[in-house]
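# Secondary and tertiary structure notes
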Amino acid sequence: MFKVINLNNILNVLGISILLESVFILSTVPIAWLYHDTTLSGIYTSFYVSFVSGVLLILFTRKKCSPISKRESFYIATLVWLSMSVIGAFPYIFTGYISTWENAFFESVSGFTTTGSTILNDIEALPKSLLYWRALTHWIGGLGILVLVVALIPFMQSSGSNLMFGEGSILDTEKIKPRVIQVAKRLWFVYLILTLLETGLLKLEGMSLFDAVCHSYATIATGGFSTKNNSVITMSPVIQYTITVFMVLAGMNFVLLYQFGKLKFKHILSNAELKYYLGIILASTIFITFHEETNLQNIEPAFRSALFQVSSIITATGFASDDYELWRKGSQAVIVMLMLTG
């Protein structure tokens, strides 16, 4: 017989998630100030609406909560992602840069789910604060808002394992439930370190700090939102190689990221899934390189283009360094298979 669902549990976690999202929205304010954007009014409105909504939900439910069941965790996961996407559309709507609700909602859903599709024809026409928000929705969604809730909210300890189960049961395979908060914190720590490391490297390689941060968010989340209309096509070879490396790292299994945080490198190197993953990337890259370019003098650009696109497609990141629709049929067939595999 099913346990009765405690609606207060669901609404309480929903309130916490919305409150956290309001803080993320507020983080775009310094960007708007720095670049003199005309978006401050819309950003503040988005913040106030989400902040008040989150606080009210928490206040009205906090004294009626109980430990969260697995069944409740599925409702929570669904409603949290839906509410995050709805509120994520506010900055686009309230600033007026996306005029229709359905388009703003599409852009928000694409961001949080790290899909990377867009309704924007001219990405560079967006003010910096909204470009940052687009990239930030990727970064938040890449590891999961419920994992962040478990990591940051101490009183979620008793229900943390079920929330993580609702977010993605793959974490159960390593029997990490007994220390779920430590696991959530470690996952976010590894996620943050990878982001900071890529940002630093891209900045050293000639990117502006703003573009480096946004592209790192999109890379580590395997999302693909770029601040440029032509993605990374015109960027330097060293930047393309750097983004490629981090796309490959970001495409690894979350459990492997967890083991990386525990410094269990032997476990990572012996992982069969990782070997197949890297093997597919290498084999596909070699095939496309020599299928597209037989002149050895041009092998490096062909290899770089093939490696970048293979990594982007198999990890579902979606960055582009070349137009693979112009490639030969055999290369396109490999790309299609990688889409399905990834």
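Anything mentioned here points back to the structure above.
Summary of the structure given here. As the structure is a computational prediction, the values presented were derived from the model and not from experiment. (Residues numbered from 1 in each chain as written. Predicted model: local features only at pLDDT ≥ 70, side-chain atom pairs only at ≥ 80, totals over all residues. Heavy atoms only, no water.)

## Focus on the environment of Ala-250
Position of Ala-250 among the secondary structure elements: in helix α12 (residues 237-250). Sequence-wise, Ala-250 and Thr-315 are 65 residues apart; in three dimensions their C-alpha atoms are separated by 7.8 Å. (Helix = DSSP H or I, 4+ residues; strand = E, 2+ residues; numbered from the N terminus.)

## Notes on helix α16 (residues 299-314)
Its 16 residues give α16 an end-to-end C-alpha distance of 22 Å, which sits within 8% of 22 Å, the value for a rise of 1.5 Å per residue. Burial runs high along α16: 13 of the 16 residues are buried. Where α16 ends, the next residue or the one after it, Ala-316, has phi of about 60°, a positive value. (Expected span 1.5 Å × (residues − 1). Buried < 20%, exposed > 50% of the residue type's maximum accessible area, 1.4 Å probe, protein only.)

## Some details on the nonpolar core
One finds Tyr-132, Trp-133, Leu-136, Ile-140, Tyr-191 and Tyr-217 to be the most contacted residues of the largest nonpolar core, which totals 55 residues. Element by element, the count of residues in this core is highest for helix α7 (residues 128-143), at nine residues. Excluding anything up to four places from it in sequence, Tyr-132 contacts Ser-27, Thr-28, Ile-31, Phe-210, Val-213, Cys-214 and Tyr-217. Leu-256, Ile-268, Ala-306 and Trp-327 belong to the second-largest nonpolar core, a separate cluster that totals 17 residues. (Core = buried A, V, L, I, M, F, W, Y, C linked by side-chain atoms within 4.5 Å. Contact = heavy atoms within 4.5 Å.)

## Section: helix α6 (residues 101-112)
One full turn of an α-helix is made of 3.6 residues, so residues set three or four places apart face in the same direction. Helix length check: α6, at twelve residues, gives a terminal C-alpha distance of 16 Å against a target of 16 Å (1.5 Å per residue), a fit within 8%. Buried residues of α6: Ala-104, Glu-107, Ser-108, Ser-110, Gly-111 and Phe-112, and no others. Summarising the contacts, the buried residues of α6 are in contact with α1 (7-26), α4 (70-88), α5 (90-95) and α7. Where α6 terminates, the next one or two residues include Thr-114, which has phi positive at roughly 55°.

## Thoughts on the packing of α6 against α7
At a minimum axis separation of 7 Å, α6 and α7 run at an interaxial angle of 45°. One finds that α6 runs oblique with respect to α7. Mapping the contact onto sequence places Glu-107, Ser-110, Gly-111 and Phe-112 in α6 and Trp-133, Arg-134, Thr-137, His-138, Ile-140 and Gly-141 in α7. Across the contact of α6 with α7, the residue classes break down as three nonpolar, five polar and two charged. (Axes fitted to C-alpha atoms, helices over the stretch in contact; angles between N-to-C directions. Parallel < 35°, antiparallel > 145°, perpendicular 65-115°, else oblique. Nonpolar A, V, L, I, M, F, W, Y, C, P; charged D, E, K, R; others polar.)

## Points about the packing of aromatic side chains
The relation between two aromatic rings is expressed through the spacing of the ring centres and the mutual angle of the planes. Overall, the coordinates contain 13 aromatic pairs when judged by the stated rule. Measuring from centroid to centroid gives 5.4 Å for Trp-139 and Tyr-217, while their planes differ by 35°, and the two rings are tilted. Taken together, the residues span a long stretch of sequence, with Trp-139 in helix α7 and Tyr-217 in helix α11 (residues 209-220) at a distance of 78 residues. Considered together, Trp-139 and Tyr-217 belong to a single accessibility category, that of buried residues. Linked through ring pairs, Tyr-132, Trp-139, Trp-188, Tyr-191 and Tyr-217 together constitute an aromatic cluster. A cation over a ring is seen here: Lys-128 above Tyr-35, with NZ or CZ 5.4 Å from the ring centre. The ring centre of Phe-225 lies 3.8 Å from the NZ or CZ of Arg-134, which sits over that ring. (Phe/Tyr/Trp six-rings, centres within 6.5 Å; stacked < 30°, edge-to-face > 60°. Lys NZ or Arg CZ within 6 Å of the ring centre and 35° of its normal.)

## Comments concerning the layout of surface pockets
Approximately 340 Å³ is the volume attributed to the second largest pocket. Taken together, 18 residues make up the lining of the second largest pocket; nearest its centre are Gly-116, Ser-117, Thr-118, Gly-224 and Gly-318. For the lining of the second largest pocket, the class distribution of residues is four nonpolar, twelve polar and two charged. (1 Å grid on protein atoms, 1.4 Å probe; cavity = no way out; pocket = protein on both sides within 12 Å on 5 of 7 lines; lining within 4 Å. Points joined across faces, edges and corners; volume = space filled by probe spheres on them.)

## Notes on the packing of α12 against α16
Packing of α12 against α16 leaves a shortest axis separation of 9 Å and a crossing angle of 35°. For the crossing formed where α12 meets α16, the hand is left-handed. Between α12 and α16, the residues in contact are Pro-237, Gln-240, Tyr-241, Ile-243, Thr-244, Met-247 and Val-248 and Glu-300, Phe-303, Arg-304, Leu-307, Phe-308, Ser-311 and Ser-312, respectively. Split by residue class, the contact of α12 with α16 holds eight nonpolar, four polar and two charged. (Left-handed = near helix turned anticlockwise from the far one by under 90°.)

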